[in-house]
Amino acid sequence: MPARHKRPVRRGADERLIARSGAMRRLLQEVRRYAAADANVLITGETGAGKDRVAHALHDASPRRSHPFIKIDCAGMPASLMEAELFGFERGAFTDASAAKAGRFELAGAGTVYLDGVGELPLDLQGKLLRAVEDKRVERLGGVAVIEVKARIVSSSADGIERAVQQGAFRDDLFHRLRVLPLHVPPLRERKADVLPLARGYLKAACAAAGSDPMRLTREAQGLLLRYRWPGNVRELKHVVERAVLDADPARGVIDAADLPIDLLADPASYMGSGPDDRPTLEELERRYIALVLRETRGRQTDAARRLGISRKALWEKRKRYKLE
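Analysis parameters
Per chain, residues are indexed from 1 in the order of the written sequence. Predicted model: local features are reported for residues with pLDDT of at least 70 only, side-chain atom pairs are reported and counted for 80 or more only, and whole-chain, interface and lining totals are derived from all residues. Heavy atoms throughout the structure, all of them, feed into the side-chain values; hydrogens and water do not. A cavity, in this analysis, means grid points on a 1 Å lattice covering only the protein atoms where a 1.4 Å probe fits yet has no way out; a pocket is instead an open set bounded by protein on both sides within 12 Å along at least five of seven lines, and a residue lines either one if it has an atom within 4 Å of a point. Grid points are joined across faces, edges and corners, and a volume is the space filled by probe spheres set on the points. A helix here means a DSSP run of H or I that spans at least four residues, while a strand means a run of E at least two residues long, and both kinds are numbered starting from the N terminus. Residue classes follow a fixed rule: Ala, Val, Leu, Ile, Met, Phe, Trp, Tyr, Cys and Pro count as nonpolar, while Asp, Glu, Lys and Arg count as charged, and any other residue, Gly among them, counts as polar. Here, nonpolar core refers to any group of buried Ala, Val, Leu, Ile, Met, Phe, Trp, Tyr and Cys residues whose side-chain atoms link them within 4.5 Å. Exposure categories follow from relative accessible area, calculated using a 1.4 Å probe and restricted to protein chains: below 20% of the type maximum is buried, above 50% is exposed, and the middle band is partly exposed. Under the convention used throughout, the expected extent of a helix is 1.5 Å for every residue step, that is, one less than its residue count. Salt bridge criterion: a side-chain nitrogen from Lys or Arg within 4 Å of a carboxyl oxygen from Asp or Glu. Strand pairing follows a simple DSSP-based rule, namely that at least 2 bridges must link the two strands. Helix axes use the C-alpha atoms of the stretch in contact, all axes being lines fitted to C-alpha atoms, and the angles between their N-to-C directions lie in the range 0 to 180 degrees. Angles are sorted into four bins: roughly parallel if under 35 degrees, roughly antiparallel if over 145, roughly perpendicular if 65 to 115, and oblique for all others. We call two residues contacting when some pair of their heavy atoms lies within 4.5 Å. Handedness of a crossing is defined here by the sense of rotation of the near helix relative to the far one, left-handed for an anticlockwise turn of less than a right angle and right-handed for a clockwise turn.

Participant: Could you clarify how one ought to interpret the layout of surface pockets in this entry?
Facilitator: Using a probe with the size of a water molecule, rolled over the atoms, empty space left in the structure can be pinpointed. Its volume calculated, the largest pocket comes out at about 560 Å³. Taken together, the elements giving at least two residues each to the lining of the largest pocket come down to α2 (51-60), β8 (152-158), α6 (161-166) and α10 (233-247). Here the lining of the largest pocket is built from residues that sort into 7 nonpolar, 9 polar and 11 charged.

Participant: Before we go on, may I ask you to explain the nonpolar core in this structure?
Facilitator: A general trend in soluble globular proteins is that nonpolar side chains are found buried together. Counting 31 residues, the largest nonpolar core has L115, V118 and F170 as the members making the most contacts within it. Those elements that provide at least two residues to this core are β2 (69-73), α3 (79-87), α4 (104-108), β5 (112-116), α5 (123-135), α6 and α7 (172-178).

Participant: What's the story with empty space enclosed by the protein in this structure? I'm lost.
Facilitator: For the structure shown, the criterion picks out 2 cavities of 30 Å³ or more. Lining the largest cavity are L17, I18, M24, A49, G50, R53, V54, V185, R191, L198 and V234. Of the residues contributing to the lining of the largest cavity, the split by class is 8 nonpolar, 1 polar and 2 charged.

Participant: Any chance you could explain helix α13 (residues 282-296) here in plain terms?
Facilitator: An α-helical segment advances 3.6 residues per turn. Residues three or four places apart therefore align on the same side. For α13, which comprises 15 residues, the first-to-last C-alpha distance of 21 Å matches the rise-based estimate of 21 Å (1.5 Å per residue) to within 8%. Here α13 has its buried residues at E284, R287, R288, I290, A291, L292, V293, L294 and R295. With its phi angle positive at about 55 degrees, R298 sits one or two positions after the end of α13.

Participant: I keep staring at the pattern of salt bridges and nothing clicks. Help me out?
Facilitator: Close approach of charged atoms lets side chains of opposite charge pair. Following the criterion strictly, the structure yields 16 salt bridges and no others. E106 is the partner of R140 in a salt bridge, and the nearest nitrogen-oxygen pair spans 2.9 Å. A residue pair is termed long-range when its members are at least 10 positions apart, and R140 in the loop between β6 (137-139) and β7 (146-148) and E106 in helix α4 qualify at 34 residues. Relative accessible area serves as the criterion here: at 16%, R140 is assigned to the buried category. Across the pair D259 and R252 runs a salt bridge, and its minimum N-O distance is 2.9 Å. On the basis of relative accessibility, which here comes to 35%, the residue R252 falls in the partly exposed class. Three or more residues are tied together by salt bridges with common partners; here these are D52, K71 and D116.

Participant: I tried to follow the pairing of strand β9 (residues 181-185) on my own but got confused; where do I start?
Facilitator: Look at any regular strand and the pattern is simple: side chains alternate between the two faces of the sheet. The side-chain alternation of β9 yields one buried face, formed by L181, L183 and V185, and one unburied face, formed by P182 and H184. Two strands pair when backbone bridges link them, and strand β1 (residues 41-45) and β9 are joined in this way by 5 bridges, in the parallel orientation. Residue pairing for β9: G45 is matched across the bridge by V185.

Participant: How do you make sense of unusual backbone geometry when you look at a structure like this?
Facilitator: With glycine set apart, most residues show a phi of negative sign, and most peptide bonds adopt trans. Look at K136: it is not a glycine, yet its phi comes out positive at around 60 degrees. For K136, the location among the structural elements is in the loop between α5 and β6. Take K136: its relative accessible area is 29%, and that puts it in the partly exposed class. The residue N233 is not glycine, and still its phi comes out positive at about 60 degrees. On the secondary structure map, N233 appears in helix α10.

Participant: What is the right way to look at α3 in this model?
Facilitator: Among all positions of α3, only M82, A84, E85, L86 and F87 are buried. Just downstream of α3, G88 is the residue with a positive phi angle, here 85 degrees.

Participant: So what exactly am I meant to see when it comes to the packing of helix α14 (residues 301-308) against helix α15 (residues 312-322) here?
Facilitator: For any two helices packed against each other, one specifies the inter-axial angle together with the distance between the axes. One can describe the packing of α14 onto α15 by two numbers: an axis separation of 9 Å at closest approach and a directional angle of 95 degrees. One element, α14, and the other, α15, form an angle in the roughly perpendicular class. Where α14 approaches α15, its residues Q301, T302, A304, A305 and L308 are matched on the opposing element by R312, L315, W316 and R319. Across the contact of α14 with α15, the residue classes tally to 5 nonpolar, 2 polar and 2 charged.

Participant: Would you mind showing me how to read the packing of helix α1 (residues 22-35) against α2 here?
Facilitator: At a minimum axis separation of 8 Å, α1 and α2 run at an interaxial angle of 40 degrees. The angle between the axes of α1 and α2 places the two elements in the oblique class. The interaxial crossing formed by α1 with α2 has right-handed handedness. Here L27, V31, Y34 and A35 of α1 lie close against α2, whose contacting residues are V54, A57 and L58.

Structure (structure tokens):
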């Protein structure tokens, strides 16, 4: 395989496939192997795990990378518009069709059609998609000309599409034709080695977007990010970092534990760690708890001191000691 197929996609600092963990390195190896093939690919994984990036990586590492990558949001597009968007239409095909329009399969040419959230397609449209996948041909609505499908079809779905197949909500025959080559994106909680590299990339991008000087994550902030379980996966991590950049004082040049969202600070796993060797010290626990209370009271000394059960003077001394400005 040519060397250029062995590099991760370069889509900007916050768009690369980060693969420091063993799970992601194995996935990236599969992406490289599948990139040269023409068979259909189904990417599964939890919401926010990074399925879109894997789809882009697959396209950009393939011989089709100079051709269009056409994404179709199957969950977000109204069912009434989906058929016309997928296959196109001729003038007069329906009331508002004042001019002909090419469909997504046609626009993709020899590139990639990416069906994001394919499990959300209604059953009637699944049958029409099946014909396009099987026959490699489509027809515009209201048209008679047959258009050859040259694009590779890559699909994604949240975990559970197999259950939808078993329950009859998703066609078994379509599922197997889309899932010739399966890829599974592991959740972020199973690839902890990727958390900090991802966070640093998001931090760099968020600082640039906010027009602020570069900032860094303190050791305690890094510890919280590593201990949190990330139910929203990579997408949640990105939003947490972007929010922290907006909440932090740019003059300090750092993102500290106190700058992270309250729900992250309040997570028991983030406080206590995942095992005996990962437990914070009593001093670290006190600092984090004070930071949480200050966030909840929006820095109001009197309210925070009352909630902590200490005097304002004692709170001031602890803030000074822990550098909680």
